[in-house]
Amino acid sequence: MRGKPALGKTILFLCIACFLAGTLFSGQMWTRPSNHENTLLPPRSDCDHKRKLIEGRPGDVMEEVVKTHQAIKSLDKAVSTLEMELTAARTSQTGGQHLRQQPSNHSSKKAFVVIGINTAFSSKRRRDSIRETWLPKGNQLKELEKEKGIVVRFVIGHSTTPGGILDKAIDAEEAEHKDFLRLNHVEGYHELSTKTRLYFSTVISMWDADFYVKVDDDVHLNLGMLASTLAKYRSRPRVYIGCMKSGPVLYQKGVKYHEAEHWKFGEEGNKYFRHATGQLYGISKDLATYISINWPILHRYANEDVSLGSWLLGLEVEHVDERSMCCGTPPDCDWKARTGNVCVASFDWSCSGICKSVERMKDIHKACGEGDGAVWNVDL
């Protein structure tokens, strides 16, 4: 009992000492910033840079904004492409029996654009008229592919009797010109939607290109103008380009473009959704990949251009209405060429192509062509 006052004094002394020591330590901590705080504070030089940028000329600020916008677009396209490739890889791993396996793009040839000229067994004269005008031949066609990354092929399937006289005629033509792409497809006018679907699935497995284009064999095309037009959209993801239209849904039986499923588009007299006209259109790589992956479940309507438009309708796609891809034949394209607005493509709407194209292709090329050397001077 006598020792308790001494013990209490000792405890009180220790408490006061601890308090003073804690106060001294805390003061030193507050006066000395930590390394962590330093990392959170922006460097003075960075602040000075931003202040100078803001106080500088407006043009400098706009230049930074443009660069940032371009970087965002490039990143968006890269992400979109990676998403498509990831989906394709997952599809190939699942090994679904209803999906046709495609070779990896890592082993395919690089290109800027692949242009498929839709043709038929009976269209040899049309093909020859194109070879004599806007399509390079022989070694020039190979050089165009090698130097500019522009691949052009006539696209055709096989007849109902494979190995028959029609197929042998195409084999002989291919041996002479080396400008065909043969599809595992039975040719027929009412099978164009199927052919289009198979075309995109095939070319994306053979060429790793930025764009894939389909054109009819009765259309005049300026390759240089097409390439320079597509190059404007090279950094953008999911591009669908062509002359956009919205024609009537033909419900009457017996007409050329009769739509058997017209009831899906509402009442009689309604129009189709906006889509690119079938004479010429193009899609970017990510959209072609989408078609290649999902081709078994893509619905086919009576018209192939409507079918393609329906496949892309529910996606985040940029529809580009490029009117230079559907100029009229002379005097329309001739007048535009004289004023410096050379057309990408020319045809007659009344014929869904050039009327009497075999007889008129040379004259149209002379009046509306961009010049034989134009495509070689395009900066890609």
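All of the points below concern the structure found in this document. Source: prediction; values computed, not measured. (Residues numbered from 1 in each chain as written. Predicted model: local features only at pLDDT ≥ 70, side-chain atom pairs only at ≥ 80, totals over all residues. Heavy atoms only, no water.)

**Examining the overall build of the protein**
Scanning the protein for helices and strands turns up 13 helices and nine strands. Burial status across the protein gives 43% buried among its 380 residues. For the protein, contacts bridging at least 24 residues in sequence account for 77% of all contacts bridging at least 6. When the accessible surface of the protein is split by element, carbon and sulfur atoms take 57% of a total near 21,800 Å². (Helix = DSSP H or I, 4+ residues; strand = E, 2+ residues; numbered from the N terminus. Buried < 20%, exposed > 50% of the residue type's maximum accessible area, 1.4 Å probe, protein only. Contact = heavy atoms within 4.5 Å. Areas by Shrake-Rupley, 256 points an atom, 1.4 Å probe, with all protein chains shown as cover.)

**Comments concerning the layout of surface pockets**
In this structure, the largest pocket spans a volume of roughly 950 Å³. Forming the boundary of the largest pocket are 40 residues, of which Tyr189, Leu192, Asp216, Tyr257 and Glu304 lie nearest the centre. Considering each element in turn, the lining of the largest pocket owes the most residues, five residues, to strand 7 (residues 275–284). A per-class count over the lining of the largest pocket returns 15 nonpolar, 14 polar and eleven charged. (1 Å grid on protein atoms, 1.4 Å probe; cavity = no way out; pocket = protein on both sides within 12 Å on 5 of 7 lines; lining within 4 Å. Points joined across faces, edges and corners; volume = space filled by probe spheres on them. Nonpolar A, V, L, I, M, F, W, Y, C, P; charged D, E, K, R; others polar.)

**Quick look at the packing of aromatic side chains**
Throughout the structure, instances matching the rule amount to eight aromatic pairs. A ring pair is formed by tyrosine 199 and phenylalanine 200, whose centres lie 5.0 Å apart and whose planes are at 55°; its orientation type is tilted. The pair formed by tyrosine 199 and phenylalanine 200 is uniform in burial state, with each residue classed as buried. Ring geometry for phenylalanine 265 against phenylalanine 273: centres 6.0 Å apart, planes inclined by 40°, an arrangement best described as tilted. You can call phenylalanine 265 buried: its relative accessible area is 14%. Take phenylalanine 273: its relative accessible area is 18%, and that puts it in the buried class. (Phe/Tyr/Trp six-rings, centres within 6.5 Å; stacked < 30°, edge-to-face > 60°.)

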